[in-house]
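# Breakdown of the fold
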Amino acid sequence: LLGGSLTVGVAIQALILLIPLYRTGFRYRPRFGFRGVGLGSASRVAMWTFAALAVSQVGLVVQSKVLTSTGTATGKLLYDSAFLLFMTPHGLITVSLVTALFTSMSRAAARKDGEAFRGDVRRGLSLTGIATIPIMVGTLILGTSLAALLFPRNTIETTNSIGHVMAAMMLGLPAFGFYYVAQRAFFAFEDAK
């Protein structure tokens, strides 16, 4: 019900946009064939991206097997809860910052303007570090308290476990953000390999 209603809502929003599009004079004329539309470089980037995705999925399967090897879901539940807390600042801060810089990076890469490109990458790395290092330190200090605040129904033992796992993950938050900036820098050059 939720998925269907959401899909219908998105479809209605898209159909409503056809009215102003038609009023501006736009007429859709389908062209069949893919020659000359720039899919050559996109397909190479997509191939390497899917290869990286396949490798990461193998890693997730191994991780899931290890976390559930005790026969209970406790390890997986603790990990998933801690990972949720780890990914929140990454998703809110790093992804937002790098998404804003990606257009400029891509423009500089297309112009082959190395100085502007390096400036954008430097800006992305420094802003990511400025934002994530204090979060890392704060969660190292307040990790279990944060877990208790966000998961109030858990036992003290479970809360402490989530806090400790999250603190261990948070040690890698700035590096994970730096990796994300570097990955987008390569994407700007259409090089996912």
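For the structure itself, look to the data block above.
Residues numbered from 1 in each chain as written. Predicted model: local features only at pLDDT ≥ 70, side-chain atom pairs only at ≥ 80, totals over all residues. Heavy atoms only, no water.

Along its length, the chain carries 6 helices and 0 strands. Along the chain, helices (α) and strands (β) appear in the sequence α-α-α-α-α-α when read from the amino end. Radius of gyration (C-alpha) of the chain: 22 Å, far over the 16 Å computed for a compact globule of 193 residues. With respect to the principal axes defined by its C-alpha atoms, the chain has extents near 65 × 50 × 30 Å. By residue count, 22% of the 193 residues in the chain fall in the buried class. For the chain, restricting intrachain contacts to residue pairs at least 6 apart in sequence, the fraction spanning at least 24 positions comes to 71%. Accessible surface, the chain: about 13400 Å² in total, of which carbon and sulfur atoms supply 70%. Considering the chain, the positive charge centre built from 17 side chains and the negative charge centre built from 7 side chains are found 12 Å apart. (Helix = DSSP H or I, 4+ residues; strand = E, 2+ residues; numbered from the N terminus. Rg over C-alpha atoms; globule rule 2.2 N^0.38 Å. Buried < 20%, exposed > 50% of the residue type's maximum accessible area, 1.4 Å probe, protein only. Contact = heavy atoms within 4.5 Å. Areas by Shrake-Rupley, 256 points an atom, 1.4 Å probe, with all protein chains shown as cover. Lys, Arg positive; Asp, Glu negative; His and termini not counted. Charge placed at Lys NZ, Arg CZ, Asp CG, Glu CD.)

In this structure the tally under the stated criterion is 5 aromatic pairs. Judged by centre distance (5.8 Å) and plane angle (15°), the ring pair of Y79 and F83 falls under stacked. Linking Y79 with F83, this pair stays in helix α3 (residues 74-111), spanning 4 residues, or about one helical turn. Given the relative accessible area of 33%, F83 is considered partly exposed. Taken together, the ring pairs connect Y79, F83, F86, F176 and Y179 into an aromatic cluster. In this structure, R27 is placed above the aromatic ring of Y22, and the distance from its NZ or CZ to the ring centre is 3.7 Å. (Phe/Tyr/Trp six-rings, centres within 6.5 Å; stacked < 30°, edge-to-face > 60°. Lys NZ or Arg CZ within 6 Å of the ring centre and 35° of its normal.)

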